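Okay, here's what each chain looks like letter by letter:
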Amino acid sequence: MQLHSPMRHEQSEAQASYSYRWLILAVATWAQATATLVTYGVGPLAAIWQKQWGLTAAQAGLLVSAVQVGPLLSMLLIGHALDRYGERWLVSLGACMLGMTFFLVSYTTDYLLLLLLLGIVGIWYGTAQPGGSKVILRWFPKKERGLAMGIRQAGIPIGGAIGGTLLPYLSLHFGWPSAVYAQSVLAVAGGLLFLALYREPQVLPDLQQQTNSCFSQKIKEITRNRKAVPILCTGVIMVTLQMVLVGHLMLFFGNEKKTGLVIAGQLLSTALISGMVGRIVLAHISDRWWGGNRESALHLSIWASVFGVTALIFLPDVPPVWLLFVLSVWLGFFGIGWFSSFLLAVAEQAPPQSEGLMVSYALTLNQIAIILAPAVFGWIADLRSYSFAWSLLALLLIGNGLLLAKKRKEDMG
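The name given to the protein chain in an unreviewed UniProt entry is MFS transporter, with the source organism recorded as Polycladomyces subterraneus. In the Subcellular location (unreviewed entry) part of its UniProt record, the protein chain is described as follows: "Cell membrane".

Written out as structure tokens, the structure reads:
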């Protein structure tokens, strides 16, 4: 019996580790959801501020943009810090500071001060995505990362859904500061929960080497990685499609295809829910069927999106509603569901001990597209037509698909 005790002890430890990493995933997902509740919640609050303070549409839109600009300023440095110090304190501190900074919003009615505070909130939000991605890389083996990343990414639409339901109710019944209080408390609670439960799975390898690594040297190494270029381009093009869907699909269906805003809103919600499912399913398929090859999931997403966008171009003036729901499911599943596979593909292309910085670099490029894409697409649609704008987007997707196919051919050759 004694001969088997060490083996039983190892099995018990392995089982405990297996169970604990799913708890870690749940905590990381909730931390992402509560942080997103703050940033996505600025949209509903901006509509309330516009009405109460007499803001123009441009001023209200700028409040939403301020939160999106914040991560652009912080993610690279945060990614570098994650590689050096680990994710426990950085993710926790970022969530707590995000909540406490947003709490100050409840005490201001000055537009410029509000704009500044929201920009700082966005800076703290820069810890959420790269930090959560590194949690998955450190705790989950490659064969389980797709499913784990997909579940964690579901925290973003979960946070957005909570915000869309909770914040208007609180604002209507108790005043908009009560909504800010709720967002702040939940964000801080998410950070403290992460701090309390998260543990490093092992001592960071080559810690001294990481600490002494120069930020600029790591950036040069990442930018010189030619194999990563097609994947980074995929992120920029696909996030452009994603933001165009979020910003314009409802307007396109409601105004151009005469569905009315109620049906158009339902179609957009359908696309978002389908995207949440896609983020889990596509990444999980890459685990089970494609042996951890994330690029296969990205290929499928790109070409399926080309088909979906092309279908939008050739829709009749008054299409049947069932067809629009089918198309919304298709576009959401592939045009939004690609993101988990992309994050894993980026992280797995990273130089040793630079996963956090690599993810942050990719997300920084994406953030530029997130800020610009809805406005540029809308400008093109106004200047020419929606069909012309969708056609340009389809061409970008086709070019991206060919670039990624070329990379795969080079890798196989």
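Right, picking up where we left off after that structure.
Topic: unusual backbone geometry
The backbone of Lys 258 sits at a positive phi, close to 60°, despite the residue not being glycine. Mapped onto the secondary structure, Lys 258 falls in the loop between helix H11 (229-256) and helix H12 (261-288).

A few points about the environment of Val 135
Examined against the element boundaries, Val 135 turns out to sit in helix H5 (residues 128-139). Sequence-wise, Val 135 and Leu 25 are 110 residues apart; in three dimensions their C-alpha atoms are separated by 8.0 Å. For Val 135, the contacting residues outside a window of four places in its chain are Ile 24, Ala 28, Glu 87, Phe 194 and Tyr 198.

A word on the pattern of salt bridges
Inspection of the entire model under this criterion finds three salt bridges. The partner of Arg 21 in a salt bridge is Glu 144, with the nearest N and O atoms 3.1 Å apart. With Arg 21 in helix H1 (residues 5-53) and Glu 144 in helix H6 (residues 142-153), this pair connects stretches of sequence that are 123 residues apart. Each member of the pair Arg 21 and Glu 144 is classed as buried.

Basis of the calculations
Residues numbered from 1 in each chain as written. Predicted model: local features only at pLDDT ≥ 70, side-chain atom pairs only at ≥ 80, totals over all residues. Heavy atoms only, no water. UniProt positions renumbered as here; feature names shortened; annotations may be inferred. Helix = DSSP H or I, 4+ residues; strand = E, 2+ residues; numbered from the N terminus. Contact = heavy atoms within 4.5 Å. Salt bridge = Lys/Arg side-chain N within 4 Å of Asp/Glu carboxyl O. Buried < 20%, exposed > 50% of the residue type's maximum accessible area, 1.4 Å probe, protein only.

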